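Residues per chain are reported as follows:
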Amino acid sequence: MNALEYLEKRLEKEQFEKISAIDNPELHGFLAKYIEHLNPSKVFVATDSPEDEDYIRKKAIEYGEENPLAMEGHTVHYDGYYDQARDKERTKILVPRGKSIPFINTLDREEGLEEIHEIMKDIMKGKELFVCFFTLGPQNSIFTIPAVQLTDSAYVAHSEFILYRKGYEDFKRLGKEARFLKFVHSEGELDERKTSKNIDKRRIYIDLESETVFSANTQYGGNTIGLKKLAFRLTIKRAVEEGWLSEHMFLMRVNGPHGRRTYFTGAYPSMCGKTSTAMVSWENIVGDDLTFIVNMKGEARGANVEKGVFGIIQGVNKVDDPIIWEVLHSPNEIIFSNVLVKDGKPYWNDMGVPIPNEGENHSGKWWRGKRDAEGNEIPPSHKNARFTVDLKAFKNLDREALDAPCGVRIGGMIFGGRDADTWPPVRESFDWAHGVITMGAALESETTAATLGQEGVRKFNPMAILDFMSVHIGEYLKNYLQFEKCLRIKPKIFAVNYFLKDRDGKWLNHKLDKAVWLKWMELRVHGDVDAIETPIGYIPKYEDLARLFKEVLNKEYSREDYEKQFTIRIPELLAKIDRIERIYNEIGNIPKELFIILEEERYRLTKAQEKYGDYISPFQFE
């Protein structure tokens, strides 16, 4: 019996007709194999129709995975108490026997496939399987990557309909030509709260060879929403093999003088200001998380991989996040996850309004002071609580750019680190390679005591992508350096640091100063302002920043503030080069260009130190 014959026998007539309309034997074989293996009692195939999407939306409530809230379109989902984040330990890249990749959690491919197939055998017995089709990137475009998701979680399917573009018609259009990604997920057996029960058998295995992701016994979005960070591992590998960039970057429009539109991407590790930068209210967002960048006729063109936001909600408040706040308090289609609910309203930590003393949250019935089995006090909402919403709900969305088949031309790329004493607030690289190496490949973030334990520990995270790398970092950097050589118009590269402090530990930057740095970068892309050359790149002139602070924030900007912020801190910068060089030496198989560029920077810093001393005022470089 061939695959189509099996599917015709197994599926209801209407569902089979949806599959048979796609002329792709590989897809038919994949579906037949896993429908037989997972053994669901029912299969629903979702096309691009509003009716099919609505069917899944209703099933999420019927099956108890989501509950309606008071505001129209709002629902809440709870993950299990111990299923609240990406499971890094059990997320593994499957590789050939004996192979290992630096920084990556790997597992022998044959062993991993055998284990996951054993865990998933008959795992959907008595349940409904949803077969869903999506695309990464805009539909019918140079960026399009088709993907098929199998899941028994209506919540996961619902989330993906919010976050990704529908792909059924693309599968029909491409037929046998569709080179698609595959995702197989089961939440497994559920407890009385409708959350995954067998957490000890939680597994997330990524098979690079077949471009398939397996996820079992978990509901948390980061482990289950296949097209999110799980697909990211697959597209990073594809990009390196094919000579384009798949990046952990926002995509935004910065509005320049006389209606000029300039697009920027930005890579920032967690807690370094990525979302707040992308959401500056007088600029425009295209995407907040993942960007594909391709060479199109010598231009670097970028597109948002997604069409929605799976955002951390903790700390979102009316003052600092007015646009997100408005979205979350409007009748949009939103899934809140792992928040506190009282009288049909969602509440979350640090939201800037009084939070009830009781309600329901990820721990069940909750009251202030409640503790878990380990004796830890349970906060109102989980620190990783989320909201899932379509970008079209945001009034600052650049709608035209979101689905542009040719994407948008990238004018600048920003790498945002976090340190108290080294990088100035903003600077521009001398050229592409200098920016890629000294800003992107050297990206670090300092941990904060409030969220990550010991304060001030520098965490190496090149391009903010280390957690998701699926190739050797040397291959990844080589591809980055090669990418520029095909470009006729090259994006400028910038580095930012919003967390600089003075010797007394006081912040040297205000939260909104980033809006000024963005405007300066936009002007630099077009050569509208000059800059000061320093050993680490170009920094702004005082007069330009003073004007921009007045125009953008209506603030006075003193020469004293400028001097403190843009002082070149030679000892700290030299120490950073030593750290980064040591890391890459230990890794091995790194492009020689990296070490040459770091040595050139060290030489410039040393010469400046000999001439001016350890701490050099920006005015001395003019």
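Anyway, here's the lowdown on the structure attached to this text. Quick caveat, the model's predicted, so the values are computed rather than measured.

### Description of unusual backbone geometry
Phase 1: One non-glycine residue, H258, adopts positive backbone phi at about 55 degrees.
Phase 2: With respect to the helices and strands, the residue H258 is situated in the loop between β13 (250-255) and β14 (261-267).
Phase 3: Located in the positive-phi region is D350, a residue other than glycine, with phi close to 60 degrees.
Phase 4: For D350, the location among the structural elements is in the loop between β21 (345-347) and β22 (358-361).
Phase 5: Judged by relative accessible area, which is 53%, D350 ranks as exposed.

### Re a negative patch on the surface
Phase 1: A contiguous patch of negative charge on the surface is contributed by E110, E111, E114 and E118.
Phase 2: Here E118 shows up in helix α5 (residues 109-120).
Phase 3: According to the relative accessible area criterion, E118 is exposed, its value standing at 61%.

### A word on the packing of helix α4 (residues 50-62) against helix α6 (residues 154-163)
Phase 1: At their nearest, the axes of α4 and α6 sit 8 Å apart, and the two run at 135 degrees to each other. Relative to α6, α4 is oriented oblique. Here α4 runs over α6; the crossing is left-handed. Side by side, α4 and α6 meet where E53, I56, R57, K59 and A60 of the first sit next to A154, Y155, A157, H158 and F161 of the second.
Phase 2: Grouping the amino acids of the contact of α4 with α6 by side-chain chemistry returns six nonpolar, one polar and three charged.

### Here's the deal with the side chain of S470
Phase 1: Among the structural elements, S470 can be located in the loop between β28 (458-460) and α15 (473-485).
Phase 2: Among the residues examined, S470 registers a relative accessible area of 2% and is labelled buried.
Phase 3: At 2.5 Å, the side chain of S470 and the backbone oxygen of R233 are in polar contact.
Phase 4: Leaving out residues up to four positions away in the same chain, S470 has contacts with I93, I101, I104, L208, R233, I236 and K237.

### Notes on helix α2 (residues 13-20)
Phase 1: Along α2, the residues classified as buried are Q15, F16, K18 and I19. Seen end-on, α2 carries its buried residues on one side only, within an arc spanning 155 degrees. Opposite the buried face of α2, at more than 90 degrees from it, the exposed residues are K13 and E14.
Phase 2: Here the buried face of α2 lies against α1 (3-10), α3 (25-38), β1 (42-45), α4, β6 (128-136) and α7 (168-174).

### Details of the sheet that holds strand β2 (residues 67-68)
Phase 1: If you trace the five strands from one edge of the open sheet to the other, you get β2-β3-β19-β24-β18, paired in mixed fashion. Two strands bound the open sheet, and with one partner strand each, they are β2 and β18 (308-312).
Phase 2: Relative to strand β19 (residues 334-337), strand β3 (residues 74-77) is paired through four bridges, and the arrangement is parallel. Residue H74 lies in a different strand from β19, and its bridge partner there is I334.

### Comments concerning the pattern of salt bridges
Phase 1: Taken as a whole, this structure holds 64 salt bridges when the rule is applied.
Phase 2: Linking R57 and E333 is a salt bridge whose minimum nitrogen-to-oxygen distance equals 2.8 Å. Of the two residues, R57 sits in helix α4 while E333 sits in the loop between α11 (322-328) and β19, which places them 276 residues apart along the sequence.
Phase 3: In this structure, E211 engages R238 in a salt bridge whose closest nitrogen and oxygen atoms are separated by 2.9 Å. With a gap of 27 residues between them, E211 in the loop between β10 (203-207) and β11 (212-216) and R238 in helix α9 (residues 226-242) connect regions that are remote in the sequence.
Phase 4: Since its relative accessible area comes to 6%, R238 is described here as buried.
Phase 5: When salt bridges that share partners are traced, they join E53, D54, R57, K58, K166 and E333 into one network.

### Structural notes on the environment of L245
Phase 1: Residue position: L245 is located in strand β12 (residues 245-247).
Phase 2: Residue class for L245 comes out buried when judged on its relative accessible area of 1%.
Phase 3: Along the sequence, L245 and D528 sit 283 residues apart, while their C-alpha atoms lie 28 Å from each other.
Phase 4: Leave out the neighbours within four places in its chain, and L245 touches A239, T291, F292, I293, N479, Y480 and F483.

What counts, and where the lines are drawn
Residues numbered from 1 in each chain as written. Predicted model: local features only at pLDDT ≥ 70, side-chain atom pairs only at ≥ 80, totals over all residues. Heavy atoms only, no water. Helix = DSSP H or I, 4+ residues; strand = E, 2+ residues; numbered from the N terminus. Buried < 20%, exposed > 50% of the residue type's maximum accessible area, 1.4 Å probe, protein only. Patch = residues over 30% accessible without salt bridge, like charges linked within 9 Å, V, L, I, M, F, W, Y side chains within 5 Å. Areas by Shrake-Rupley, 256 points an atom, 1.4 Å probe, with all protein chains shown as cover. Salt bridge = Lys/Arg side-chain N within 4 Å of Asp/Glu carboxyl O. Lys, Arg positive; Asp, Glu negative; His and termini not counted. Charge placed at Lys NZ, Arg CZ, Asp CG, Glu CD. Axes fitted to C-alpha atoms, helices over the stretch in contact; angles between N-to-C directions. Parallel < 35°, antiparallel > 145°, perpendicular 65-115°, else oblique. Left-handed = near helix turned anticlockwise from the far one by under 90°. Contact = heavy atoms within 4.5 Å. Nonpolar A, V, L, I, M, F, W, Y, C, P; charged D, E, K, R; others polar. Polar contact = N/O pair within 3.5 Å; in protein donor to acceptor, adjacent residues only side chain to side chain. Arc of directions from axis to C-beta. Pairing = 2+ DSSP bridges.

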